Amino acid sequence: MAQNGKKKIGLIGGGQIGGNLALLAVQKSLGDVVLYDIPAAEGLVKGKALDINQLAAVDGYDCRVKGTTDWKDVAGSDVIIITAGMPRKPGMSREDLLEINLKIMTDVAGNIKQHAPNAFVINVANPLDAMVFALHKIAGLPKHMVAGMAGVLDTSRFKCFVAEALGCSIRDVEALVLGGHGDDMVPLVRHSTVGGVPLTELIAKDKLDAIIKRTREGGAELVGLYKTGSAYFGPAASAIAMAESFLQDRKRVLPAAALLEGQYGINGYFFGVPVQIGAGGVEKIHTVELNDGEKAELEKSFQSVKKTVDSVKL
Ligand code: LMR
């Protein structure tokens, strides 16, 4: 907690997602923010902090952002969101980032262990499921205090495309994407509804298949458009939803990469499933009843995650 009694939010990585996270955190009055990056990016984090603080009067929020290159400023954070690492460029897979981002994560996780071992830590860096696995191991965090942001983003993309296809309000779309944050993720069509009506009754199979494909390739579509990096608004909003649920004990049930210990037949890997996030971190892991086809799709997604994780040498 910050010295003024407000919650403290440590953001590791001052790039596009980090800046958006900082802005969202203060605009939602979640707490004071420390925006950390390495010394080479000092101007970036200090500039973003100053820029955001200067607009506080417009919205009238009292939370502040501090830009820093000193891990000591991150100490005592209630929640930490990691975005440090390289984004992919067109033609790359998330797995192509493994080697470079693992080096960065090793440093970040070691510093979290030293400076903020009690924080609830949310990872956004890719390849997401492998990075959260490494983070957990290196930082030695309790299993309920570490999670990966992905399912919230993937589910939000799925809902967006469904609402667009139907021309309806996104507020009435209930949907869920399970599995790893990769091209094999599993949008659960059978469990999705719009205003209580099953999705399968509203959208023809060929159109649904196209929506599933677009959801799975949602990150790559943006990489192709941006050309120099990957998505930042969606990842920031998704991680903030998780942080907010933790900081305000909202107990929201959100899809996130959590450490599974037998659920879904998976043991010892982080994988995207619905979890309850409250003051206790990942308080519950929920199991969704799946048919054989869905089980097979989830297994395919898990095998992709497992292959990447198993190649991680710590
Ligand atoms: C995303 O899904 O937008 C992120 O994982 C970034 C990426 O490389 O796709």
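Structure shown above.
Note that the structure is predicted; figures quoted are calculated from it, not measured. (Residues numbered from 1 in each chain as written. Predicted model: local features only at pLDDT ≥ 70, side-chain atom pairs only at ≥ 80, totals over all residues. Heavy atoms only, no water.)

A.B. asks: Describe the packing of helix 4 (residues 98-115) against helix 5 (residues 128-139), naming the residues involved and giving the relevant values.
C.D. replies: Running from N to C, helix 4 and helix 5 cross one another at 35°; their axes reach a closest spacing of 8 Å. In the packing of helix 4 onto helix 5, the handedness of the crossing is right-handed. Along its contact with helix 4, which presents L98, N101, L102, M105, T106, A109, G110, I112 and K113, the element helix 5 presents A130, M131, A134, L135, I138 and A139. Partitioning the contact of helix 4 with helix 5 into residue classes produces 11 nonpolar, 3 polar and 1 charged. (Axes fitted to C-alpha atoms, helices over the stretch in contact; angles between N-to-C directions. Helix = DSSP H or I, 4+ residues; strand = E, 2+ residues; numbered from the N terminus. Left-handed = near helix turned anticlockwise from the far one by under 90°. Contact = heavy atoms within 4.5 Å. Nonpolar A, V, L, I, M, F, W, Y, C, P; charged D, E, K, R; others polar.)

A.B. asks: Pulling in residues and values, what's your account of unusual backbone geometry?
C.D. replies: What is expected of a backbone is that most residues other than glycine have negative phi and most peptide bonds are trans. The omega torsion across N126 and P127 is -5°, close enough to zero to call that bond cis. On the secondary structure map, P127 appears in the loop between strand 5 (120-123) and helix 5. At S29, a position not held by glycine, the phi torsion is positive, near 55°. Locating S29 in the fold gives a position in the loop between helix 1 (16-27) and strand 2 (32-36). For Y264, which is not glycine, the phi torsion reads 55° and is therefore positive. Mapped onto the elements of the fold, Y264 is located in the loop between strand 12 (252-261) and strand 13 (267-278).

A.B. asks: If you had to explain the environment of L247 to someone new, which residues and values would you point to?
C.D. replies: Its place among the elements puts L247 in helix 9 (residues 233-247). For L247, a relative accessible area of 10% translates into the label buried. The sequence separation of L247 and A220 amounts to 27 residues, and the corresponding C-alpha distance is 31 Å. Those residues in contact with L247, other than ones at most four positions away along the chain, are K7, I9, L30, D78 and V79. (Buried < 20%, exposed > 50% of the residue type's maximum accessible area, 1.4 Å probe, protein only.)

A.B. asks: Explain the packing of aromatic side chains to me, and be specific about the residues and the numbers.
C.D. replies: To describe a pair of aromatic rings, you give the distance between the ring centres and the angle between the ring planes. All told, the structure shown has 7 aromatic pairs when counted by the stated rule. Between Y36 and W71 the ring centres are 4.7 Å apart and the planes differ by 40°, which places this aromatic pair in the tilted class. Here W71 lies in the loop between strand 3 (65-68) and strand 4 (79-82) and Y36 lies in strand 2, a separation of 35 residues in the sequence. Each of the two residues, Y36 as well as W71, counts as buried. The interplanar angle of 50° and the centroid separation of 4.9 Å between the aromatic rings of Y232 and F233 together place this pair among those described as tilted. The exposed category is assigned to F233, whose relative accessible area is 53%. Through a chain of ring-to-ring contacts, the aromatic side chains of F133, Y269, F271 and F302 assemble into a single cluster. (Phe/Tyr/Trp six-rings, centres within 6.5 Å; stacked < 30°, edge-to-face > 60°.)

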